[in-house]
Amino acid sequence: STSNSFKKVEPYEKYEQGGSLFDRGPQVNDFLRLRVRDARGFSPDTVYKIPYQAKAGEKGVSLLVGKMVGGDDELVITVIFDTSHFDVSSAALWWDAHKELFITVISDDTQ
């Protein structure tokens, strides 16, 4: 028998444990990408990007969302910050204020 004591640690959990919030060279093409989940488990044909506002009028945040292979729930994979509205510090503050919205299921197809 095999022991499955290894728990997969998602990227946001590494940050919660003191790691870097932006662990792969944070800025790419004027965007800061905060990886919430490992994208490798997601079905590529379900992945898309949507604009997001935590409060009315807020600009500069988008979400990359998708469904895991064999799953029905839509989950946030990455939070994307436009650097014309956020720097690393303000993006980290935004994440701390809103993370609970993204580390759980964001839609449920139950009837």
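Being a predicted model, the structure only gives us computed values, none of them experimental.

Let's talk about the pairing of strand 4 (residues 61-67)
Thought 1: With five of seven residues buried, strand 4 is to be regarded as a mostly interior element.
Thought 2: Pairing between strand 3 (residues 48-51) and strand 4: four bridges, direction antiparallel. Bridge assignment links Pro51 to a residue of strand 4, and that residue is Ser62.
Thought 3: Bridge count between strand 4 and strand 5 (residues 74-82): seven bridges; the pairing is antiparallel.

Points about helix 2 (residues 88-98)
Given 3.6 residues to a turn, an α-helix orients residues that are three or four positions apart in the same direction.
Thought 1: Those residues of helix 2 lying buried are Ala91, Ala92, Trp94 and Trp95. Take helix 2 and look down its axis: the buried residues cluster within an arc of 160°, on one side only. When the buried face of helix 2 is taken as reference, the exposed residues oriented beyond 90 degrees from it are Ser89, Leu93 and Ala97.
Thought 2: N-capping of helix 2 is provided by Asp87, with a side-chain oxygen placed 3.2 Å from the backbone N of Ser89.

Topic: the packing of aromatic side chains
Thought 1: According to the stated counting rule, one finds six aromatic pairs in the structure shown.
Thought 2: Their ring planes at 75° and their centres at 5.3 Å tell us that Tyr52 and Phe102 sit as a pair that is edge-to-face. Note that Tyr52 is positioned in the loop between strand 3 and strand 4 and Phe102 in the segment after helix 2, a separation of 50 residues in sequence.
Thought 3: Ring centres 6.3 Å apart and planes at 20° place the aromatic pair Trp95 and Phe102 in the stacked group.

Details of the pattern of salt bridges
Thought 1: Taken as a whole and judged by the stated rule, the model has one salt bridge.
Thought 2: The closest approach of N and O atoms between Arg40 and Asp38, which form a salt bridge, is 2.5 Å.
Thought 3: Asp38 sits in the buried class, given a relative accessible area of 14%.

Reading the values: rules and limits
Residues numbered from 1 in each chain as written. Predicted model: local features only at pLDDT ≥ 70, side-chain atom pairs only at ≥ 80, totals over all residues. Heavy atoms only, no water. Buried < 20%, exposed > 50% of the residue type's maximum accessible area, 1.4 Å probe, protein only. Helix = DSSP H or I, 4+ residues; strand = E, 2+ residues; numbered from the N terminus. Pairing = 2+ DSSP bridges. Arc of directions from axis to C-beta. Polar contact = N/O pair within 3.5 Å; in protein donor to acceptor, adjacent residues only side chain to side chain. Phe/Tyr/Trp six-rings, centres within 6.5 Å; stacked < 30°, edge-to-face > 60°. Salt bridge = Lys/Arg side-chain N within 4 Å of Asp/Glu carboxyl O.

Purely spatial values, then, with no claim about function.
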